[in-house]
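Understanding the architecture of this molecule
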Amino acid sequence: MKNNHYFYWNKTWIMLILWLFAGCYDSDSWVNVVEEPAKVQVTLTAEEAQASFENEIMNKTTRSISTRKEDLFRFSKHQFPFGNIVPKWNSGVASNASGTAYYETSIRSSYFFRAWRHKRIGKNKKKKWMCTKIIHKLLVMKDLNTNETYNYIELLIPTIHFINHHRTFNFSRITNDGNMMDFSGFKLYTTLDGHLVRVNEYKKGKRVRGVFLDGTTDKETYQEMRRRALNMLRNTRISIKLPKAVVTRSYDELEYEDETWYTDDEGNMWVWDSYLGDWTLVGNINGEDGEKGYIIDEVVITPDPDPESEIDDPFIPSPIPPIEGGTNDDLEEEGIGGGGGGSSSIGSGGGSSTPVAPKAKTIFRNSSMTETNWKVIERMLDKIIADCMGQALYNGLKNSLNGKTLIIKFIDEEKAGFVPDKAKSGIKLGLTLVNSNILFHEMWHVYQAYHESETVYLNSLINQEIEAHYAQYLYVRKLPEYRGSKWESYYAKDKRHRAIKGLSDHIDGKGNLRPGKNVEEFNFDILSIASIFETTDGYDDPGLYKYDDTRSGLSNFSNLRTLTKDC
């Protein structure tokens, strides 16, 4: 009986305690937990970033503008002269981390920088220089506690392996809030003046080491940190592309615009020679006067030969007779699709039933062109069609146009080009550039444009140029008058033409990889050639001439393979 009574009271106390415990909570509040509102992420706007950047730039205008000589000397001391910096404010990315707001955007500057590293290629593990782009970005930081802003330049140097496996990587996705994706390589920070501030190394998005140079005022400590930072970059040679200049004979105005330069710790100056595939010593920035001398040995640079009269069509009149019936710009024809402009009243002479320039007028139109000029175009087309690849190009273009025509005109300028402008699309030929191979080159661009969407074509102009240049080389080298001509000289001496000629060591005349050649090596050769175009006068506007690095090296020659399949 006692045991039962004890059990009864124990049971009663347990139930009471559970009821009291449960009563301490509101069942509704248990289900509907009231969370504290999330803190608003404070970001740095594009307007604030622009104001910070422009304020610093304006404060620097009181300083003297540095010359190229001074910039190159600074570069030899491991600084990064940028010259004029133009941020792309409409494409920036804002982020936030640890009490700091960031705004990052890509920039254009007066100088290009490239990273050069050795890579062992092929079965023999031959060492070869590989060149990769360095991505330039502006970073504006805002301390959210003090509202102070700071401006830096970021330089992203991806590893060769990373580039190989991330051909479509969007570097704007890498932000300073720690989101490095799976990036591998170096990230450098500099001031707007180009003074090195920090060097970080990343592997698969994780920082593995880093050196901060700006955190001390002690000279010896700074020198040690700088030594460590440069030691991290010891296997990476960073080159600078000098801007174009005017013509005089002093150092500042020597025309180095087609060359890529590197200066070592001793002030020795090296220039990249794509024909040799290596660096050539050309002088010393210090000269005989020591560091303050800023003297460089004179460099002999062979300029592009001046365009001369026709070498593969010597019978063409020079200069071309003027266009009758208006100025060179008086070509407001009906749009592509009219087709009639190509066979206008100029067609037959003296009542003859034989049409003038039937091949030319099948694909081109210009109601103001003289009969003589139509015959010039016809003779160039005859020479092009005599080549198997040229015949395929003409027929392919004719089929693509499907009865429509393109405007063609001669202009009193030393340039030629295909102008994609919808209804007014056409080809312009300078009076000093009336060569069948020049016409061939521009016709190739028309064919390319008809086999790409407008957006894809305009965003891969350097890719298109590489294929068109190589096809042009294949065509012109087979002409009987090629040997001893200025074109043979171009392909022997000019850096861009020499690089194009070098493609034949890797791919054949149909755009296929030669037996025993390494596709990885070829891909990097294409990247190197793209870099040459990007730093060559006329192709160096990154807003116009873009390289699509999502394409493999061989995919750049798809039109060549199509047009030569029966050759």
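First, a word on scope: everything that follows refers to the structure included in this document.

Rules used throughout
- Residues numbered from 1 in each chain as written.
- Predicted model: local features only at pLDDT ≥ 70, side-chain atom pairs only at ≥ 80, totals over all residues.
- Heavy atoms only, no water.
- Helix = DSSP H or I, 4+ residues; strand = E, 2+ residues; numbered from the N terminus.
- Contact = heavy atoms within 4.5 Å.
- Expected span 1.5 Å × (residues − 1).
- Buried < 20%, exposed > 50% of the residue type's maximum accessible area, 1.4 Å probe, protein only.
- Axes fitted to C-alpha atoms, helices over the stretch in contact; angles between N-to-C directions.
- Parallel < 35°, antiparallel > 145°, perpendicular 65-115°, else oblique.
- Left-handed = near helix turned anticlockwise from the far one by under 90°.
- Phe/Tyr/Trp six-rings, centres within 6.5 Å; stacked < 30°, edge-to-face > 60°.
- Disulfide = S-S within 2.5 Å.

**Side note on the side chain of Thr-190**
Considering the arrangement of structural elements, one finds Thr-190 in strand E8 (residues 185-190). Ignoring any residue separated from it by four or fewer positions in sequence, one finds Thr-190 in contact with Phe-80, Phe-82, Tyr-152, Ile-153, Leu-155, His-195, Leu-196 and Val-197.

**Regarding helix H10 (residues 436-450)**
Here H10 is 15 residues long and its end C-alpha atoms lie 21 Å apart, about the 21 Å a rise of 1.5 Å per residue gives. With 13 of its 15 residues buried, H10 lies for the most part within the structure.

**Digging into the packing of helix H9 (residues 388-401) against H10**
When two helices pack together, their arrangement is captured by the angle between the axes and the distance separating the axes. Packing of H9 against H10 leaves a shortest axis separation of 10 Å and a crossing angle of 45 degrees. Put simply, H9 runs oblique to H10. The chirality of how H9 crosses H10 is left-handed. Of the residues in H10, those touching H9 at Met-389, Gly-390, Leu-393, Tyr-394, Gly-396, Leu-397, Ser-400 and Leu-401 are Phe-440, Met-443, Trp-444, Val-446, Tyr-447 and Tyr-450.

**Considerations on the packing of aromatic side chains**
Each aromatic ring pair is described using two quantities: the centre-to-centre distance and the angle formed by the ring planes. On inspection of all chains with the given rule, the structure shows 20 aromatic pairs. Measuring from centroid to centroid gives 5.5 Å for Phe-80 and Phe-113, while their planes differ by 70 degrees, and the two rings are edge-to-face. With Phe-80 in the loop between helix H4 (68-76) and strand E1 (85-87) and Phe-113 in strand E4 (residues 112-121), this residue pair connects regions lying 33 residues apart in the sequence. Phe-113 gets classed as buried once you look at its relative accessible area, which sits at 0%. Look at Phe-522 and Phe-557: their rings are 6.2 Å apart centre to centre, the planes differ by 45 degrees, and that puts the pair in the tilted class. Of the two residues, Phe-522 is situated in helix H15 (residues 519-534) and Phe-557 in the loop between H15 and helix H16 (558-563); the sequence distance between them amounts to 35 residues. Each member of the pair Phe-522 and Phe-557 is classed as buried. Chaining the aromatic ring pairs together yields one cluster made of Phe-162, Phe-169, Phe-171, Phe-183 and Tyr-202.

**Quick word on the state of the cysteines**
Scanning the model with the defined rule gives one disulfide in all. The disulfide partner of Cys-388 is Cys-567, and the S-S distance across this bridge is 2.0 Å. Here the disulfide of Cys-388 and Cys-567 is left-handed, its torsion about the S-S bond being about -95 degrees. On the criterion of sequence distance, the pair formed by Cys-388 in helix H9 and Cys-567 in the segment after H16 is long-range, its members being 179 residues apart. A residue is classified by how much of its surface remains accessible, and Cys-388, at 36% relative accessible area, is partly exposed.

All we've got here are geometric facts, nothing functional implied.
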